[in-house]
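Listed below are the residues making up each chain.
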Amino acid sequence: MKLRSFSRFFVEASQSLRRNILMTIASIATIALTLFVCGVFSVIVLNINKFANDIESTVEIQAFLEEDLPAETASALVTSIREIDGVDDVTFISKEEALANMATQLEETPETLLSSLGRNPLPDSYMVTADSADDVAPVAEKLEALDGVAEAQYGDDTVDNLFQMLKWIRYFGIALILFLVVASIVIVAFNIKVTVASRKSEIIIMRYVGASNWYIRWPFCIAGMVMGLFGGIIAVALLYGAYTLFIDQFSSVLVFMSLVRVNTDFFYIFGFMLLFGVLLGSAGSLLSLNVYLKERAKKQ
Amino acid sequence: MKMISLKGVSKKYDNGQLALDHVSMEIEAGEFVFLCGASGAGKSTLIRLLFREEVATDGKIIVNGRNLRKIKRRELLRHRRSMGLVFQDYRLLPKKTVFANVAYAMEVTECKRKDIRKRVPEILEVVGLSDKAGSFPSELSGGEQQRVAIARALVNRPAILIADEPTGNLDPQNARELMEVLKRVNDKGTTVVMATHAQDIVDEMRKRVIMLHEGRIIYDEEGGGYHEIALV
Ligand SMILES: Nc1ncnc2c1ncn2[C@@H]1O[C@H](COP(=O)(O)OP(=O)(O)OP(=O)(O)O)[C@@H](O)[C@H]1O
Ligand SMILES: [Mg+2]
């Protein structure tokens with residue numbers, strides 16, 4: 001296909017978009033709506049991810065050391081712990097610090113606590129955080145296997161259940177987006193099919209005159225891309241406006257989770273929406289054209 | 001040089017209808033040939049085979065040196081562009097002007113704009129439509145629309161012009177004018193094949209007549225006339 005043909009395609013495309021202005025508006029609106037819903041779910045998934053990560057980063061595994069472990073052995077353990085896969089951060093907590101922490105929690109001074117207990121019952125320990133929630137259990141297991149570690153403890157069933165739930169919410173969001181993608185391609189294809197059907201005789205004439213299939217396709221394809229791009233721009237603007245408004249109104253109410261600000265992740269979503277709009281538009285027009293371009297599939 | 005050659009060509013449609021039955025013929029370059037026969041005789045089918053819109057069920061078709069059975073996709077496009085097609089119902093693009101309709105046939109071959117600007121007025125002159133270049137098909141008479149279709153068919157200088165009942169929708173006066181155009185085109189060397197059942201035109205032109213009946217050639221004679229089938 002030569003370059004000069006493309007300037008013709010653009011003229012053809014813009015003419016056909018203007019001539020079928022109602023169909024054009026309907027297609028743009030459909031694409032915009034689809035992309036907006038996809039965008040909303042992407043933002044929800046983004047927020048859930050952040051929420052999950054916030055929680056994950058707070059889960060700590062406590063590795064209690066055996067009593068009367070020599071100080072050198074205890075401090076040497078940090079290297080072995082760091083070598084375990086999935087370990088993010090390691091902090092040593094001496095038995096004195098542990099007692100002080102406990103005293104703070106009980107709102108007493110360490111001295112009074114010590115005197116009422118007689119002796120410090122708490123062992124030295126390492127506070128270990130994992131890279132992700134999935135790593136927590138295996139890391140704890142490996143910690144317990146280490147020489148010098150008496151026991152490794154972390155969270156409880158509630159935390160486990162929360163992680164499980166978050167995982168399913170994420171899967172659900174992805175599945176929903178996939179479903180919407182398929183649904184919107186079908187809707188756009190149907191929309192464009194109506195336009196193409198009204199031009200069926202034109203397409204047949206183009207073939208008689210010796211136009212190649214791609215020569216016929218390009219103007220439709222470009223028209224689809226333009227509609228997709230417009231739909232994408234509208235959806236991005238809507239999403240941006242709606243989300244900034246949402247943050248303004250609700251971030252003070254939703255105290256238990258901090259909302260994602262409009263950041264780089266958002267620009268990926270916006271970029272994806274525009275790109276996807278263009279793909280959606282062109283895929284829709286190509287799909288609906290193929291019916292008429294198949295060899296020997298037409299009657300006079 | 002042979003332009004069109006058919007050997008034992010049969011065409012059976014998917015519904016079992018046998019439209020052509022062992023047809024053989026040869027047409028030389030520069031000939032003017034009428035394809036005649038009653039409705040359903042197989043004229044349009046033969047034209048569809050030549051344009052390779054349909055493939056023959058049996059037999060061998062060679063057009064302009066190309067064996068249509070073995071033709072490849074890319075070559076098929078070239079084959080179609082080497083033929084100009086005209087139909088009874090004109091088949092113009094309704095939203096394009098006369099000029100744009102004719103130019104479109106050049107654009108699809110990715111011609112230079114300069115060449116298009118030069119060639120389209122030339123060919124509109126040939127069919128006598130220079131003053132209608134800016135009109136839309138809906139603003140033209142049937143005869144004028146058909147001449148636009150002929151201009152479009154000829155604009156790429158095809159080796160063969162094929163017309164399927166081009167005068168079918170025209171009154172006698174317009175039909176006669178159209179035949180004048182076809183004759184001029186043929187005089188300049190283009191091979192013309194025209195399917196028709198317009199008896200008076202065939203009789204008047206005294207060109208080669210190939211008569212089809214139920215898919216078979218029953219008559220093929222130089223300078224023949226339509227009326228003579230009655231004698232067969
Ligand atoms: N696409 C098709 N599918 C099935 N049968 C067909 C098809 N096209 C034509 N036929 C049949 O093939 C036979 C020849 O048809 P064709 O159109 O070639 O005749 P024709 O000579 O052009 O007739 P007319 O003068 O009416 O145009 C007819 O019996 C017709 O019904
Ligand atoms: Mg016919």
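Every chain is numbered independently, its residues counted from 1 as its sequence is written. Numbering of ligands from 1 and lettering of chains from A proceed in the order in which they are written. At least 70 in pLDDT is required for a residue's local features to be given in this predicted model, at least 80 for side-chain atom pairs to be given and counted, and no such filter applies to totals for whole chains, interfaces and linings, which use all residues. Side-chain calculation: all heavy atoms of the structure are included, whereas hydrogens and water are not.

J.: Looking at this model, I keep getting lost on the overall build of chain A. Mind explaining?
T.: Secondary structure is summarised from DSSP: a helix means a run of H or I of at least four residues, a strand means a run of E of at least two, and numbering begins at the N terminus for each. A tally of regular secondary structure across chain A gives ten helices and four strands. Starting at the N terminus and walking to the C terminus, you meet the elements of chain A as α-α-β-α-β-α-α-β-α-β-α-α-α-α. In terms of overall dimensions, chain A is more spread out than a globule: its C-alpha atoms have a radius of gyration of 31 Å, far above the 19 Å expected for 300 residues. Along the longest, intermediate and shortest principal axes, the C-alpha atoms of chain A span 100 × 40 × 30 Å. Exposure is judged per residue with a 1.4 Å probe applied to protein chains only, and the accessible area is read against the type maximum: over 50% gives exposed, under 20% gives buried, and values in between give partly exposed. Of all 300 residues assigned to chain A, the portion counted as buried reaches 42%. In this setup the radius of gyration rests on C-alpha atoms only. A globule is expected at 2.2 Å times the number of residues raised to 0.38.

J.: It is not clear to me how the overall build of chain B should be interpreted in this structure. Could you clarify?
T.: Secondary structure summary: chain B contains seven helices and ten strands in total. Taken along its principal axes, the extent of the C-alpha atoms in chain B is 50 × 40 × 35 Å. The buried share of chain B, reckoned over its 232 residues, is 55%. Here chain B displays about 10400 Å² of accessible surface, and carbon together with sulfur accounts for 48% of that area. A residue counts as positive if it is Lys or Arg and as negative if it is Asp or Glu; His and the chain ends are not included. The atoms used to mark charge sites are NZ of Lys, CZ of Arg, CG of Asp and CD of Glu. Taking the average place of the 38 positive charges on the side chains of chain B and the average place of its 32 negative ones, the gap between the two points comes to 9 Å. Accessible surface is estimated by sampling points in the Shrake-Rupley manner with a 1.4 Å probe; for residues, cover comes only from the protein chains shown.

J.: How should the domain arrangement of chain A be read in this particular structure?
T.: A common way to state how big an interface is: give the accessible area lost once the parts meet. Domain extents, as shown, originate in an automatic or database domain assignment. Per the domain assignment, the segments making up chain A are domain 1 (3–55 + 159–299) and domain 2 (60–154). Of note, the centres of domain 1 of chain A and domain 2 of chain A, computed from C-alpha atoms alone, are 52 Å apart.

J.: Got a minute to help me understand the interface of chain A and chain B in this structure?
T.: Here a residue-residue contact requires only that any non-hydrogen atoms of the pair lie within 4.5 Å. Listed per partner, the contact involves 23 residues of chain A and 30 residues of chain B. When two parts are brought into contact, each loses some accessible area as probed by a 1.4 Å sphere; the total of that loss over both is the buried area. For the pair chain A and chain B, the summed buried surface comes to about 2600 Å²; carbon and sulfur atoms form 48% of the total. Any Lys or Arg side-chain nitrogen located within 4 Å of an Asp or Glu carboxyl oxygen qualifies as a salt bridge. In this structure, the connection of chain A to chain B is made through two salt bridges. Notably, a salt bridge pairs lysine 96 of chain B with glutamate 12 of chain A, separated by 2.5 Å at the nearest N-O pair. Under this definition, polar contacts are N or O atom pairs within 3.5 Å; protein pairs additionally need one hydrogen-donor-capable and one acceptor-capable atom, and for neighbouring residues in sequence, both atoms have to be side-chain atoms. The tally of links from chain A across to chain B stands at nine residue pairs in polar contact (both at pLDDT 80 or more). Broken down by secondary-structure element, the contributors of at least two residues to the side of chain A that touches chain B are α1 (3–19), α8 (200–208) and α9 (213–250) of chain A. In the side of chain A that touches chain B, the residues fall into seven nonpolar, six polar and ten charged. Residue classes follow a fixed rule: Ala, Val, Leu, Ile, Met, Phe, Trp, Tyr, Cys and Pro count as nonpolar, while Asp, Glu, Lys and Arg count as charged, and any other residue, Gly among them, counts as polar.

J.: Any chance you could explain the site of ligand 1 here in plain terms?
T.: Note on terminology: near, applied to a residue and a molecule or strand, indicates that one of the residue's heavy atoms is within 4 Å of it. For ligand 1, the set of nearby residues contains 16 residues, the closest of which are Ser39, Gly40, Lys43, Ser44 and Thr45 of chain B. Lying at an intersection of chains, ligand 1 is approached by residues of chains A and B. One of the side-chain nitrogen or oxygen atoms of glutamate 165 of chain B is found 3.1 Å away from an oxygen atom of ligand 1. A total of four residues in the shell around ligand 1 trace back to one element, the largest contributor, which is helix α1 (residues 43–50) of chain B. The residue inventory of the shell around ligand 1, partitioned by class, reads four nonpolar, eight polar and four charged.

J.: I tried to follow the domain arrangement of chain B on my own but got confused; where do I start?
T.: Residue and element names in this part refer to chain B. We note that the domain assignment places domain 1 (1–82 + 158–232) and domain 2 (92–157) within chain B. Between domain 1 and domain 2, the residue contacts involve 14 residues of the former and 13 residues of the latter. Summed over both sides, the interface between domain 1 and domain 2 buries roughly 1200 Å², with carbon and sulfur atoms accounting for 67% of that surface. The three residues of domain 1 that bury the most area against domain 2 are Arg81, Pro158 and Val181, which together make up 41% of that side's buried surface. Remark: the boundary between domain 1 and domain 2 carries one salt bridge. Across the pair glutamate 177 and arginine 147 runs a salt bridge, and its minimum N-O distance is 3.8 Å. The element best represented in the side of domain 1 that touches domain 2 is helix α6 (residues 172–187), accounting for seven residues. A per-class count over the side of domain 1 that touches domain 2 returns nine nonpolar, one polar and four charged.

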